Every structure is written in C-alpha cells, then in structure tokens.
Amino acid sequence: MIVGIPKEIKNNEFRVGMTPSGVATLVKNGHTVYVQKTAGEGSGFSDAEYEAVGAKILPTIADVYATAEMIVKVKEPIEPEYDLIREGQFLFTYFHFACDRPLTEAMIARKAICLAYETVRKADRTLPLLIPMSEIAGRMAAQEGARFLEKPQSGKGILMGGVPGVKPAKVLVLGAGTVGTNAAITAAGMGADVIITDINLARLRYLDDVMPKNIRTLYSNEYNIRAELPSTDLVIGSVLIPGDKTPHLITRDMLALLKPGSVLVDVAIDQGGCFETSHPTSHSEPVYTVDGIVHYCVANIPGAVPFTSTLALTNATTPYAVALANKGWKQACKDDPALKLGLNIVEGKVTFPAVAKVFDLPYTPVDELL
C-alpha cells in the first residue's frame, strides 16, 4: 500500500503522524511511505532520518494527498485540506466528529473512509489509540493549570503545593478515566489538595486504595460539584463519552461559585467541552476569561510536547497501521472488532451512531459496508 504522512497544519501542532521507527516497520512490511518535507521537524525528526529507513520525501501536502492511498495523521484535516482528499481515500487520525459539523459534512462530501483513533475500542472498553495522548494531556492539564494560577497569567496567584504554614491549591478533577487519573497524580505530586470525581463507584474505590493520601474521591453529581466550587482553585474537566459530545458539568451560572482568578482546564474540548463557557483555543492564545474565571481550552494539548507525544502515539498506532496496510481497511476491520469501531464515516455514509445522532444524520451500520 502507498502510505502518506503529511505535515500537520493546525495551529501550533508540532506532532507528526509517525516517527521514522514506525515508517521503518511499514517499509519492512513491503509498503511505500511518502513523508512531506519537514513534516517531522517539529517533533525532532529530520527528513534524512525518514529517508534512511526507506521513506520518500515529497515537497508539498498536496503531493502527499495526491499520491497516498492511506493518510496517517495526528489531528483531523482542517479546511485547507478538505479539497485535497480523494473519494475512497483512507484517513487514519483523530477526528472528534461529534463536535465539528463542518468537518463531518466535508468528509461525507469527499466520500473518504475515516477511521478515528479515538473510537478504536477493545473488548475491555479501553481506547488503545487515545490512552497515550490522554496520559500526556492529563499530566499537562495539571502543569498548565498551575501555570495559569500565577498572577501574571490572570490567576489567583496561588502556588500548587503551598509552603509550610500556607495551604496548597485545591484541585477538582471531573472524571476518573485516563486523563483525570493522570491529572490528579500530577497535581498531587506538586503538593496540591486534590478531589477526583466520577459516577463509577468501582473506579472510585480502586483509586481510593491506590492514590496518594492528598487525593480524595467524590461521587460526581451537580450537587457535589456545586458544593466544592467555592473552595476550589483549579478545575480540570476530563469527561469522555467515546465518539459523542461531552456533557456540560459546569454551567455558566456555576462560575459565580468560583473566586475570581480560578482556572478551568477543559481537556474534553476536542469533544465539545465539559464546561458550558468553553470554546477551543490554541497554544498561541491558550486562555480567555469569563466572569473573572480563566479558561484554558487548547484542543491539542499534547502538541506542546511533540517529541514525547509523537513517540507515544506511534508506539500505539503502528501495529494498527501495519494491519490496515497489509490487509486493506475492510479486511483489517473485519478481523479486528476494535478497529471496526473506529470507522466513523465510510464513502459518504455515517457509520458511528453518536455522530449520526448529534447531527441528526442518516446512520448506516458499518457491517453493511464490510
């Protein structure tokens, strides 16, 4: 198969779809890989490193799309890429369709085959291609939250860990999945007083057993969240419903319960955000303020640490990319139920129920197309 790796063009997105190591694996399996010139530089990988493992370098993004049967990316295509996508072309990347109608309609119109990293799901309900970025995003959420609590960044002027004789910051983490757990551990490691919430009592019992003593668990409901907000300095939103739009756990009126300079970090912004007042931001302009509350809603948080992120992502995606290239997307998805769940749009038809529901679009069961 001919595989293409274009350079990411989303604002301040420095990751690349695959490292030279991943490319080497595809080449070893007999596939031809085209990499756009300088695609890996933001992550620390030179064109020469790709060429050394057998990749061919193409000068422009248009050349990559025109040549490849399968496109391997990090982030969803953005508007300048839409017209480059060919009918029947296979795209393997993060899409997050449920919060982006224009992207959804564009991929339907282009009749592409879109397999989304974030909805590939194993029988045990784990999300193997989302986990590595969730680990990074969770850890960075605490790190960025600590930064924006600083007074020059419009925050309260609170040090996460406090000092002897002065209380640490109080951090409220909404959601106890991969992102939330990593956020809580990182915030606790900084010395903060952390509360982590979820509706899964079994998960809360587990975390209560294994987490440091400065992390406490709390059942998630509106009453409990409202009760915590007046004494909270940093809220990290990490709720995920795979492939679906995220519910709003903090509404506009609830901002009044927080003190001015408090910080909200919305890691769920890729799926619409779990704060009503959230809208996507970028690394170049990461925050804005609503009613005195600082909002950090960067839609590609791991893009700020591209060397780590690209290595972690390639570790997870390469076995799937090889299976797709070796077998073709149809046979690979027939053979692997986890991959099949990643199919969101196939040749103009929406094949993921949550995406069809949120935009009131016709739904086609994916088995009909396999």
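Everything quoted here is computed from the prediction, not taken from an experiment. (Residues numbered from 1 in each chain as written. Predicted model: local features only at pLDDT ≥ 70, side-chain atom pairs only at ≥ 80, totals over all residues. Heavy atoms only, no water.)

Participant: For this particular structure, what's the right way to read the overall build of the protein chain?
Facilitator: Scanning the protein chain from N- to C-terminus turns up 13 helices and 15 strands. Its C-alpha radius of gyration of 21 Å places the protein chain within 12% of the 21 Å reference for a compact globule of 370 residues. Once the C-alpha set of the protein chain is aligned to its principal axes, its extents read approximately 65 × 45 × 35 Å. A buried classification covers 54% of the 370 residues belonging to the protein chain. Counting only contacts in the protein chain whose residues sit at least 6 apart along the sequence, the fraction spanning at least 24 positions is 63%. Only carbon and sulfur atoms are counted for the fraction: they give 53% of the accessible area of the protein chain, which is about 15,100 Å². In the protein chain, 35 side chains carry a positive charge and 40 a negative one; their mean positions are 3 Å apart. (Helix = DSSP H or I, 4+ residues; strand = E, 2+ residues; numbered from the N terminus. Rg over C-alpha atoms; globule rule 2.2 N^0.38 Å. Buried < 20%, exposed > 50% of the residue type's maximum accessible area, 1.4 Å probe, protein only. Contact = heavy atoms within 4.5 Å. Areas by Shrake-Rupley, 256 points an atom, 1.4 Å probe, with all protein chains shown as cover. Lys, Arg positive; Asp, Glu negative; His and termini not counted. Charge placed at Lys NZ, Arg CZ, Asp CG, Glu CD.)

Participant: Just checking my understanding: could you explain the packing of helix H1 (residues 20-28) against helix H10 (residues 306-327) for this structure?
Facilitator: Working note: a packed helix pair is described by the angle between its axes plus the distance between those axes. In the contact formed by H1 and H10, the axes pass within 10 Å of each other and the chain directions differ by 20 degrees. When the axes of H1 and H10 are compared, the pair comes out roughly parallel. As H1 runs across H10, the sense of the crossing is right-handed. Mapping the contact onto sequence places Gly-22, Thr-25 and Leu-26 in H1 and Thr-314, Thr-318, Ala-321, Val-322 and Ala-325 in H10. (Axes fitted to C-alpha atoms, helices over the stretch in contact; angles between N-to-C directions. Parallel < 35°, antiparallel > 145°, perpendicular 65-115°, else oblique. Left-handed = near helix turned anticlockwise from the far one by under 90°.)

Participant: Is there a simple way to think about the environment of Lys-28 in this case?
Facilitator: Mapped onto the secondary structure, Lys-28 falls in helix H1. Sequence spacing of Lys-28 and Val-53 is 25 residues, and the spatial spacing of their C-alpha atoms is 9.0 Å.

Participant: Would you mind going over the packing of aromatic side chains with me for this structure?
Facilitator: According to the stated counting rule, one finds six aromatic pairs in the structure shown. Connected via pairs of aromatic rings, a cluster forms that spans Phe-90, Phe-92, Tyr-94 and Tyr-117. (Phe/Tyr/Trp six-rings, centres within 6.5 Å; stacked < 30°, edge-to-face > 60°.)

Participant: I tried to follow the pattern of salt bridges on my own but got confused; where do I start?
Facilitator: Once the charged atoms of two side chains with opposite charge are near each other, the side chains can pair. Enumeration according to the criterion identifies 17 salt bridges in this entry. Residue Glu-13 pairs with Arg-15 through a salt bridge whose shortest N-O separation is 2.8 Å. Each of the two residues, Glu-13 as well as Arg-15, counts as buried. In this structure, Lys-170 engages Glu-228 in a salt bridge whose closest nitrogen and oxygen atoms are separated by 2.4 Å. Linking Lys-170 in strand S7 (residues 170-174) with Glu-228 in helix H9 (residues 222-228), this pair joins segments that are 58 residues apart in sequence. Look at the salt bridges and you will find they share partners, linking Lys-10, Lys-75, Glu-76 and Asp-270 into a network. (Salt bridge = Lys/Arg side-chain N within 4 Å of Asp/Glu carboxyl O.)

Participant: Any chance you could explain the sheet that holds strand S9 (residues 215-219) here in plain terms?
Facilitator: Spatially, seven strands are ordered S9-S8-S7-S10-S11-S13-S12 in an open sheet, and the strand pairing comes out mixed. Edge positions in the open sheet fall to S9 and strand S12 (287-290), since each of these has one partner strand only. Averaged over all pairs of adjacent strands, the angle between strand axes in this sheet comes to 20 degrees, irrespective of strand direction. Bridge count between strand S11 (residues 263-266) and strand S13 (residues 293-296): three bridges; the pairing is parallel. Across the sheet, residue Leu-264 finds its bridge partner in S13, namely His-295. Contacts from helix H7 (residues 178-189) reach S7, strand S8 (193-198), S9 and strand S10 (234-237), with the element oriented near 170 degrees to S8. Where helix H8 (residues 201-210) meets the sheet, its contacts fall on S8 and S9, and the angle it forms with S9 comes to roughly 165 degrees. (Pairing = 2+ DSSP bridges.)

Participant: Is there a simple way to explain the sheet that holds strand S15 (residues 349-350) in this structure?
Facilitator: Within a sheet, adjacent strands bond to each other through the backbone by hydrogen bonds, running parallel or antiparallel. Ordered in space as S3-S2-S1-S4-S5-S6-S14-S15, the eight strands form an open sheet in which the pairing is mixed. The outermost strands of the open sheet, each flanked by one partner alone, are strand S3 (56-58) and S15. Two elements, strand S14 (residues 343-346) and S15, share two bridges in a ladder whose sense is antiparallel. Paired with Ile-345 across the strands is Val-350, a residue of S15. Its contacts with the sheet put helix H5 (residues 101-110) on strand S5 (90-93), strand S6 (113-116), S14 and S15, and the angle it makes with S14 is roughly 50 degrees.

Participant: What should I look at first to understand the state of the cysteines in this one?
Facilitator: In protein chemistry, a disulfide is the covalent bond that joins the sulfur atoms of two cysteines. Evaluation of the coordinates by the stated rule reveals zero disulfides. You can see Cys-297 has no disulfide; the closest cysteine sulfur is in Cys-274, sitting 8.9 Å from it. Residue Cys-333 stays outside any disulfide, its sulfur separated by 12 Å from that of Cys-114, the closest cysteine. (Disulfide = S-S within 2.5 Å.)

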